[in-house]
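# Structural description and commentary
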Amino acid sequence: GAQLDPVITDAMLDLLSEGVETAFAQQEDMVNDVLIIDGDAEETRMIREALQEEDGNRVLSAADGAMALKILATERVDLVCLDMDTPGLDGYEMLKRIKENHDIPVVFMAKSAKYEELKQAKEYGVNDYLTKPLSRTILKEVVYSCSKSL
């Protein structure tokens, strides 16, 4: 079969990356308060780095469902990134509680994207989903997309 020239491939990826960076730069004034609900400290650190340090969002984090509910009750939150395997409350129960009590977008994060899981999450009102390990670029695109609906 045909092979891609690595130089051309790198140039195309650079152009795509520049387009994404331009789209994000146009939204500099759009700062969101993002709550990460994830028991994985390394994933939380990476998300915080991508959304707060690179894009200027305020990022809050909770390692379990109980802590997340306390933050949601006391802090302004514009968007939630919810790991479906978060300790404490079942991810679907957490999603259900968020959607019943708050009018904010929720991004579902999971190690796999099985059809039945996605279908159930959609029924509970999830706005988008990401599979782990997370890509910084895709994470930022999804957060940007959900933020535009605020």
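These notes cover the structure that comes with them. (Residues numbered from 1 in each chain as written. Predicted model: local features only at pLDDT ≥ 70, side-chain atom pairs only at ≥ 80, totals over all residues. Heavy atoms only, no water.)

Two elements in contact, helix α2 (residues 41–53) and helix α6 (residues 136–148), have axes separated by 10 Å at closest approach and are oriented at 60°. Judged on the interaxial angle alone, α6 and α2 are oblique. Crossing hand, α2 versus α6: right-handed. In contact with Met-46, Ile-47, Glu-49, Ala-50 and Leu-51 of α2, α6 contributes Arg-136, Leu-139, Lys-140 and Val-143. Within the contact of α2 with α6, the residues separate by chemical class into 6 nonpolar, no polar and 3 charged. (Axes fitted to C-alpha atoms, helices over the stretch in contact; angles between N-to-C directions. Helix = DSSP H or I, 4+ residues; strand = E, 2+ residues; numbered from the N terminus. Parallel < 35°, antiparallel > 145°, perpendicular 65-115°, else oblique. Left-handed = near helix turned anticlockwise from the far one by under 90°. Contact = heavy atoms within 4.5 Å. Nonpolar A, V, L, I, M, F, W, Y, C, P; charged D, E, K, R; others polar.)

With that settled, consider the packing of aromatic side chains. Tallied over the entire structure, the rule returns 2 aromatic pairs. Between Tyr-92 and Tyr-124 the ring centres are 6.1 Å apart and the planes differ by 85°, which places this aromatic pair in the edge-to-face class. Of this pair, Tyr-92 sits in helix α4 (residues 91–101) while Tyr-124 sits in the loop between α5 (115–123) and β5 (128–131), placing them 32 residues apart in sequence. A residue is classified by how much of its surface remains accessible, and Tyr-92, at 13% relative accessible area, is buried. Residue class for Tyr-124 comes out partly exposed when judged on its relative accessible area of 30%. (Phe/Tyr/Trp six-rings, centres within 6.5 Å; stacked < 30°, edge-to-face > 60°. Buried < 20%, exposed > 50% of the residue type's maximum accessible area, 1.4 Å probe, protein only.)

Okay, the pattern of salt bridges next. Pairing between side chains becomes possible if they bear opposite charge and their charged atoms approach one another. Under the definition given, this model contains 11 salt bridges. For Arg-45, the salt bridge goes to Glu-49, with nearest N and O atoms at 2.6 Å. Of this pair, Arg-45 and Glu-49 are both found in helix α2, 4 residues apart, which corresponds to roughly one turn of the helix. Classification of Arg-45 as partly exposed rests on a relative accessible area of 39%. For Glu-49, a relative accessible area of 24% puts it in the partly exposed group. Across the salt bridge formed by Lys-140 and Asp-55, the nearest N and O atoms sit 3.6 Å from each other. Here the residue Lys-140 occupies a position in helix α6, and Asp-55 occupies one in the loop between α2 and β2 (58–62), the gap between them amounting to 85 residues. A residue is classified by how much of its surface remains accessible, and Asp-55, at 28% relative accessible area, is partly exposed. Three or more residues joined by partner-sharing salt bridges are found here, namely Asp-33, Arg-58, Glu-75, Arg-76 and Asp-78. (Salt bridge = Lys/Arg side-chain N within 4 Å of Asp/Glu carboxyl O.)

Attention now moves to the nonpolar core. Residues Leu-35, Ile-37, Leu-72, Val-77, Val-80, Leu-82 and Ile-98 are the most contacted members of the largest nonpolar core, which totals 22 residues. Of all the elements in the fold, those that place two or more residues in this core are β1 (33–37), β2, α3 (65–74), β3 (79–83), α4, β4 (106–110) and α5. If you tally residues by element for this core, the top one is α4, at 4 residues. Leaving out residues up to four positions away in the same chain, Val-80 has contacts with Leu-35, Ile-37, Leu-72, Ile-98, Ile-104, Pro-105, Val-106 and Val-107. (Core = buried A, V, L, I, M, F, W, Y, C linked by side-chain atoms within 4.5 Å.)

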